[in-house]
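Fold and geometry: a report
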Amino acid sequence: MSAGEDAIVVEGLHKRFKGRRGDPDVVAVDDMSFRVPTGRTLGLVGESGSGKSTVARLVLGLLAADEGRIEVLGRDVRGAGREELRRWRRDMQIVFQEPYESLDPRVRIGEAIAEPLRIHTDLRGSELRRRVADLLEKVQLDPALETRLPHQLSGGQQQRVNIARALATEPRVVVLDEPTSSLDVSVRAEVLRLLVSLQEELALTYLMISHDLPTIRTVCDRVAVMYLGRLVEIGPVDAVLSHPEHPYTEFLLGAELPLDPDQAPKSAPVPGEARVGERPAGCIFQARCPLRVAECESAQPPLAHAEADHEAACVHVGHEHHVPGAG
Amino acid sequence: MSEPILSVVDLHVEITSRRGVSQILRGVSVDLAPGAMTGLVGETGSGKSMTARAVMGLLPTGGRVTAGRVLLRGRDLLALDERAMRQVRGPEIGMVFQNPRTALYPMLSVESQMANVLDAHLELPKSALRERIRSQLALAGIPDPDRVARAYPHELSGGMAQRVVIATALLCEPTVLIADEPTTGLDATIQRQILELLAQLQRDLGLTVLMITHDLGIVAQYCQSVSVMNDGVVVEQGDKRAVLRSPADDYTRHLVAASRLEDIRTGRPR
């Protein structure tokens, strides 16, 4: 695949989970479409229940979608059989949130990194060991750590091991599911720096799930904002996070607490909470929206262009509007 | 600064485990000014939560204060026995912990567990008890106190559960509130609601708050002063503006820079 093409294409994606014991079904992903160009990073932001982690698993074929098209590196993920998906997995990997939970506590670091290589490549013996040492170096860990067990490493080191494991088979697409949210802030910065430099070096395409806007701002080219399974806004990071078009995005930005004591948050706190399972006829955000008008109650607004590559699902797109307290 | 209401003075704590003895706190001193919110900031293992637990007399098994004092209006809490401490926890110092779900007892309704707390400290007739519980829930910004009082913890959202925890912490009208990472794990918009609530309670009730957090944004926006901890000692403290704008200590500088995520991108145009 040449540069400029899309490494990930998602169109009209739907996923619903069966409700347990007579509970209503949960709509996790509701008509989601996006593309990620090769070598770029799309951030998926949203709060719990927004469906962002579900999207990540659907894209990798770890979960089966109900409807829609998913293409990764030109391959039809939904149409693929189990065996094909297994073979493709070497090209599309994932790094999870909890670094320790992602590692087998009884398996030494070197062996943990060798495992995907044994599955997907013919490397054995000294070649395999050399490759493991290379990978440790690539994630800036001392190759001597290969004999350690996961609990002997710090959280940041564990996450570097998970990154090395994900990169072992030389994937081209990597899903990062909250890769730094359980790490301390100083470690967060180091791991993000590593992810950015690996992307530049290896021309990786990232789909990064995060609820942390500073992380999104630092790492991503574009960002998609989700609310209760729906895509409410998508566009270049700078545009979406500097000139948000959807009121929910404004509130997310308003919840960000500036590190400068004399700079106030960008908006007043939004009342209420997202309720999974509550799906009104009209706009998904209407219950909490201060800009609600009659129109919002009748139909879910489609994505509308604010700029050529910046869209939001709000009736106010293109009109001057601000949520209360926004500067 | 006016006379501190709570002073931690040169506190040393060690923990004995199978792996030996480790010095968790090595001379921690923190002053809480009355009616103010003071931030206690640090990363995992810095000792910030252990400081709070030592203040409350709730050190984990194997933990022991080896030196120092915890003065509440001049009275040394470390000299009190467990019985006396029980009259400090609740009526004098309230606590709010990180995970509201584990702070609430799953088998009891909100009303029952709040009633248990009240019964331990005050003798109130049943109707006054009911009234007090509902007014505290309303104080914590719960719009329908009657419904929430009858609910069980699993029926509450994370934000609502944390409001219940805050209402419970304030039941016996303490003057000091220790909040240990009270919004970690909550969604961003809910975190903001809970912080606004704590700031409002601080103002309206004249509460003195110790805000334990890893988030410098919380310090910048909600605290008045801050103490920065690293490796069992306070490395820097002072007015939040002074500390955040021109940190004197290397570790504080490092923490501020890391929080800003500076210098991560190496110049790729976007």
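**Details of the interface of chain B and chain A**
Each side of the interface is counted separately: chain B has 38 residues, and chain A has 44 residues. The interface formed by chain B and chain A contains 3 salt bridges. Here Asp262 of chain A and Arg245 of chain B are joined by a salt bridge, their closest N and O atoms 2.3 Å apart. At the level of elements, helix 7 (158–169), helix 8 (188–205), helix 9 (216–222), helix 10 (240–245) and helix 11 (250–260) of chain B are the ones that each hand at least two residues to the side of chain B that touches chain A. Looking at the side of chain B that touches chain A element by element, the count peaks at 8 residues for helix 8 of chain B. Class assignment of the residues belonging to the side of chain B that touches chain A gives a composition of 13 nonpolar, 12 polar and 13 charged.

**As for the nonpolar core**
Counting residues in hydrophobic clusters, the biggest one holds 61 residues, and the most contacted among them are Ile113, Ile163, Leu198 and Phe285 of chain A. It is helix 6 (residues 185–202) of chain A that provides the largest number of residues to this core, a total of 7 residues. With sequence-adjacent residues up to four places away left out, Phe285 of chain A is seen in contact with Tyr227, His246, Pro247, Tyr248, Phe251 and Val270 of chain A. Judged by nonpolar contacts, the second largest core, of 56 residues, contains Leu257 of chain A together with Ile194, Ala220 and Leu244 of chain B.

**Quick notes on the environment of His310 of chain A**
Residue and element names in this part refer to chain A. With respect to the helices, strands and loops of the structure, His310 is situated in strand 12 (residues 310–312). Residues within four places of His310 in sequence aside, it is in contact with Glu233, Ile234, Gly235, Pro236, Ala239, Val240, His243, Glu245, Ala304 and His305. Looking at His310, its side chain comes within polar contact range of the side chain of Glu233, at 2.6 Å.

**Remarks on the pairing of strand 3 (residues 37–41) of chain B**
Across a regular strand the side chains alternate sides, sitting on one face of the sheet and then on the other. All names here are of chain B. For strand 3, a buried count of 5 out of 5 residues is recorded, marking the element as mostly surrounded by other parts of the structure. The side-chain alternation of strand 3 yields two buried faces, one formed by Met37, Gly39 and Val41 and the other by Thr38 and Leu40. Where strand 3 and strand 8 (residues 208–213) come together, 5 bridges link them in parallel fashion. Looking across to strand 8, one finds that Met37 is bridged to Val209. Bridge count for strand 3 against strand 9 (residues 225–230) is 4 bridges, and the pairing is parallel. Note on strand 9: the bridge partner recorded for Leu40 is Ser227.

**Concerning the sheet that holds strand 5 (residues 75–76) of chain B**
Residue and element names in this part refer to chain B. Strand order in the open sheet formed by 4 strands is 2-1-4-5, and the pairing between neighbours is antiparallel. The outermost strands of the open sheet, each flanked by one partner alone, are strand 2 (20–32) and strand 5. The pairing of strand 1 (residues 6–17) with strand 2 spans 10 bridges and is antiparallel. Paired with Val13 across the two strands is Leu25, which belongs to strand 2. Running over the sheet, helix 1 (residues 48–56) touches strand 1, strand 2 and strand 4 (63–72) and is turned about 105° from strand 1.

**As for the pattern of salt bridges**
For the structure on display, the rule yields 38 salt bridges over all chains. Arg40 of chain A serves as the salt-bridge partner of Asp221 of chain A, at 3.2 Å between the closest nitrogen and oxygen. One end of the pair, Asp221 of chain A, is in the loop between helix 7 (213–219) and strand 9 (222–227); the other, Arg40 of chain A, is in the loop between strand 2 (26–37) and strand 3 (41–45), with 181 residues separating them in the sequence. Looking at Asp221 of chain A, the relative accessible area reads 13%, which means it is buried. Here Arg75 of chain B ties to Glu92 of chain B by a salt bridge, and the two come within 2.8 Å at their closest N and O atoms. Taken as a pair, Arg75 of chain B in strand 5 and Glu92 of chain B in the loop between helix 2 (82–86) and strand 6 (93–96) lie far apart in primary sequence, 17 residues in all.

**Description of helix 11 of chain B**
Because an α-helix packs 3.6 residues into every turn, residues spaced three or four apart end up facing the same way. All names here are of chain B. Taken residue by residue, helix 11 has Tyr251, Thr252, Leu255, Val256, Ala258 and Ser259 as its buried positions. Along the axis of helix 11, the buried residues cluster in a sector spanning 165°; they form a single face. Where helix 11 begins, the capping side chain belongs to Asp249, and its oxygen is found 2.7 Å from the backbone nitrogen of Tyr251. With its phi angle positive at about 50°, Leu261 sits one or two positions after the end of helix 11.

**Structural notes on unusual backbone geometry**
Even without being a glycine, Glu178 of chain A presents a positive backbone phi close to 50°. Structurally, Glu178 of chain A is set in the loop between strand 7 (173–177) and helix 6. Assessed through its relative accessible area of 7%, Glu178 of chain A is described here as buried. In the Ramachandran plot, Glu181 of chain B falls in the positive-phi region, its phi being about 50° despite a non-glycine side chain. In this structure, Glu181 of chain B sits in the loop between strand 7 (176–180) and helix 8.

**Some points on the sheet that holds strand 12 of chain A**
The pairing of strands in a sheet happens through backbone hydrogen bonds and is either parallel or antiparallel. All names here are of chain A. An order of 6-7-8-3-9-10-12-11 is seen for the 8 strands of this open sheet, with the pairing classed as mixed. Both edges of this open sheet fall to strand 6 (92–95) and strand 11 (304–307), since each of them pairs with a single strand only. On average, each strand axis in the sheet is tilted by 20° relative to the strand beside it, whichever way the strands run. When strand 6 meets strand 7, the two strands line up parallel, connected through 4 bridges. Bridge pairing in strand 7 links Gln93 to Val174. Along the sheet face, helix 5 (residues 155–167) touches strand 6 and strand 7 and points at about 170° away from the line of strand 6. Along the sheet, helix 6 makes contact with strand 3, strand 7 and strand 8 (205–209), crossing strand 8 at roughly 155°.

**Focus: the packing of helix 4 (residues 110–121) of chain B against helix 5 (residues 126–139) of chain B**
Residues and elements named next belong to chain B. With their axes 10 Å apart at the nearest point, helix 4 and helix 5 run at an angle of 110° to one another. With respect to helix 5, the element helix 4 is oriented roughly perpendicular. The element helix 4 and its partner helix 5 pack so that their crossing is right-handed. For the pair helix 4 and helix 5, the contacting residues are Val110, Glu111, Met114, Ala115, Leu118 and Asp119 in the first and Leu129, Arg130, Arg132, Ile133, Arg134, Gln136 and Leu137 in the second. Partitioned by chemical class, the residues of the contact of helix 4 with helix 5 number 7 nonpolar, 1 polar and 5 charged.

Reading the values: rules and limits
Residues numbered from 1 in each chain as written. Chains lettered and ligands numbered in written order. Predicted model: local features only at pLDDT ≥ 70, side-chain atom pairs only at ≥ 80, totals over all residues. Heavy atoms only, no water. Contact = heavy atoms within 4.5 Å. Salt bridge = Lys/Arg side-chain N within 4 Å of Asp/Glu carboxyl O. Helix = DSSP H or I, 4+ residues; strand = E, 2+ residues; numbered from the N terminus. Nonpolar A, V, L, I, M, F, W, Y, C, P; charged D, E, K, R; others polar. Core = buried A, V, L, I, M, F, W, Y, C linked by side-chain atoms within 4.5 Å. Buried < 20%, exposed > 50% of the residue type's maximum accessible area, 1.4 Å probe, protein only. Polar contact = N/O pair within 3.5 Å; in protein donor to acceptor, adjacent residues only side chain to side chain. Pairing = 2+ DSSP bridges. Axes fitted to C-alpha atoms, helices over the stretch in contact; angles between N-to-C directions. Arc of directions from axis to C-beta. Parallel < 35°, antiparallel > 145°, perpendicular 65-115°, else oblique. Left-handed = near helix turned anticlockwise from the far one by under 90°.

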